[in-house]
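# Topology and contacts: notes
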Amino acid sequence: MTVHPAAPSLDLLREQIAALLQEPATGHGLARTLRATAKEIEISRYHQASSRAWPNGRIDTTPDKVQIGGGAHRIDGFFNIDAVPPADLLWDIREGIPLHDASVQLMFSEHFLEHIDYPRSVKHYACEAHRVLADGGQLVTGAPDAAFLLRHYPANPELATEMVERWYSKRDCLGDINTFLDLINYTFRDQDDTLNYTPHLWAYDEEKLIQLFTEAGFRSVEPWDFDAAMANPKRQWGSVYVVAKK
């Protein structure tokens, strides 16, 4: 892929945000907004570079297996599309999936859907996934399971402790997770006041995922039997996975 320089206006805006964040007078609310804006600028810069290379929104290759938003978790044999490195293609999926119609046999994502806005971007993504999948193709999706948490609320201290250890042990905001309700907030609005973190914007359970992908045109949506060869074993606990078939 040809790498194009970022638009000068975005570079200038990024520099201005960095300067404002250093100002003592910048309050907490504005600082959070500025950090979120800086994150969106970073995503936009990568997306613009790729979209200049493929202005019609379709890349040249036609991978059979595609991973969306995989981050550092790579799956052998899958073409990984993500908004930020590392990825085979840097692309903002909220703007569409840059693949040809009916060209993909298997698409996979986990702990991605909750990070994009509902309903507009989420429903657009579901329809785009349906478009790029070939007849008989499958879309496997995993997300934090809101129903799992709500079933166990209020819960015994041992279960809450296990959740914290699994979900927050390496997070900057670990010290602020003190009650079971904090864990429920993880599913619905997970936040971490750092530049490289994207918050949760919507919560999902099996019923919601089935409704979402059925509405997008998939002929069937069913629970998915967890496969550690594809999915990240660290994310199995407390998550819901479905397979949508075209």
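As the structure is a prediction and not an experimental result, all values here were calculated from the model.

## A word on helix H7 (residues 206–215)
Residues of H7 that are buried include every one of Lys208, Leu209, Leu212 and Phe213, and no others. Buried positions in H7, seen along its axis, are confined to an arc of 120° and lie on one side of it. A positive backbone phi angle near 110° is found at Gly217, which sits one or two residues after H7.

## Quick notes on the sheet that holds strand E7 (residues 239–245)
Spatially, E3-E2-E1-E4-E5-E7-E6 is the arrangement adopted by the seven strands of the open sheet, whose pairing is mixed. Edge strands, defined here as strands with exactly one partner in the open sheet, are strand E3 (89–90) and strand E6 (220–223). Against the sheet, H7 engages strand E5 (133–144), E6 and E7, with an angle of about 25° to E7.

## Some details on the domain arrangement of the chain
Per the domain assignment, the segments making up the chain are domain 1 (10–51), domain 2 (58–143 + 216–245) and domain 3 (147–189). For domain 2 and domain 3, the distance between their C-alpha centroids amounts to 26 Å.

## Overview of the pairing of strand E2 (residues 79–82)
Residues Phe79 and Ile81 point to one face of E2 and Asn80 and Asp82 to the other, with burial holding for every one of them. Relative to E2, strand E1 (residues 65–68) is paired through three bridges, and the arrangement is parallel. Bridging from a neighbouring strand, Ile68 pairs with Ile81 of E2. Relative to E3, E2 is paired through two bridges, and the arrangement is parallel. What sits directly across from Asp82, in E3, is Leu90.

## With respect to helix H2 (residues 28–53)
The end-to-end C-alpha distance of H2 is 38 Å, a good match for the 38 Å that 26 residues give at a rise of 1.5 Å each. Considered for burial, the residues of H2 that qualify are Ala31, Leu34, Ala38, Lys39, Ile41, Ile43, His47, Ala49 and Ser50.

## Here we look at the nonpolar core
In this structure, Ile81, Met107, Tyr125, Leu139, Phe213 and Phe218 are the most contacted members of the largest nonpolar core, which totals 35 residues. The set of elements that each furnish at least two residues to this core consists of E1, E2, strand E4 (104–110), helix H3 (120–132), E5, H7 and E7. The residues touching Phe218, leaving out its near neighbours within four places in the chain, are Ala126, Ala129, His130, Leu133, Leu139, Phe213, Ala244, Lys245 and Lys246. Among the nonpolar cores identified, the runner-up in size contains 15 residues, and Phe148, Met163, Val164 and Leu183 belong to it.

## Some remarks on the UniProt feature "domain: Methyltransferase type" (unreviewed entry) in the chain
Within this structure's numbering, the places UniProt gives as "domain: Methyltransferase type" (unreviewed entry) are residues 95–140. Helix and strand shares over residues 95–140 are 28% and 33% respectively, and the end C-alpha atoms of the span are 20 Å apart.

## Comments concerning the packing of aromatic side chains
Scanning the model with the defined rule gives eleven aromatic pairs in all. Aromatic pair Phe148 and Trp237: ring centres 5.2 Å apart, planes at 75°, arrangement edge-to-face. Pair noted here: Phe148 is in helix H4 (residues 146–151) and Trp237 is in the loop between E6 and E7, with a separation of 89 residues, a long-range link. Trp237 carries the same exposure label as Phe148, and that label is buried.

## Remarks on the pairing of E7
Burial within E7 is extensive, with six of its seven residues counted as buried. In this sheet, E7 lies alongside E5 in antiparallel orientation, the contact comprising seven bridges. By the bridge assignment, Gly142 is partnered in E7 with Tyr241. Pairing geometry for E6 and E7, over four bridges, is antiparallel. Paired with Glu222 across the strands is Val243, a residue of E7.

## Remarks on the pattern of salt bridges
Applying the stated criterion across every chain, the model contains ten salt bridges. Here Lys39 ties to Glu42 by a salt bridge, and the two come within 3.9 Å at their closest N and O atoms. In this pair, Lys39 and Glu42 are both assigned in helix H2, three residues apart and thus about one turn of the helix distant. The partner of Glu222 in a salt bridge is Lys245, with the nearest N and O atoms 3.6 Å apart. With Glu222 in strand E6 and Lys245 in strand E7, this residue pair connects regions lying 23 residues apart in the sequence. A relative accessible area of 36% places Glu222 in the partly exposed class. Through salt bridges that share partners, Glu40, Asp92 and Arg94 make up one connected network.

Cut-offs applied
Residues numbered from 1 in each chain as written. Predicted model: local features only at pLDDT ≥ 70, side-chain atom pairs only at ≥ 80, totals over all residues. Heavy atoms only, no water. Buried < 20%, exposed > 50% of the residue type's maximum accessible area, 1.4 Å probe, protein only. Helix = DSSP H or I, 4+ residues; strand = E, 2+ residues; numbered from the N terminus. Arc of directions from axis to C-beta. Pairing = 2+ DSSP bridges. Contact = heavy atoms within 4.5 Å. Axes fitted to C-alpha atoms, helices over the stretch in contact; angles between N-to-C directions. Domains from an automatic or database assignment. Expected span 1.5 Å × (residues − 1). Core = buried A, V, L, I, M, F, W, Y, C linked by side-chain atoms within 4.5 Å. UniProt positions renumbered as here; feature names shortened; annotations may be inferred. Phe/Tyr/Trp six-rings, centres within 6.5 Å; stacked < 30°, edge-to-face > 60°. Salt bridge = Lys/Arg side-chain N within 4 Å of Asp/Glu carboxyl O.

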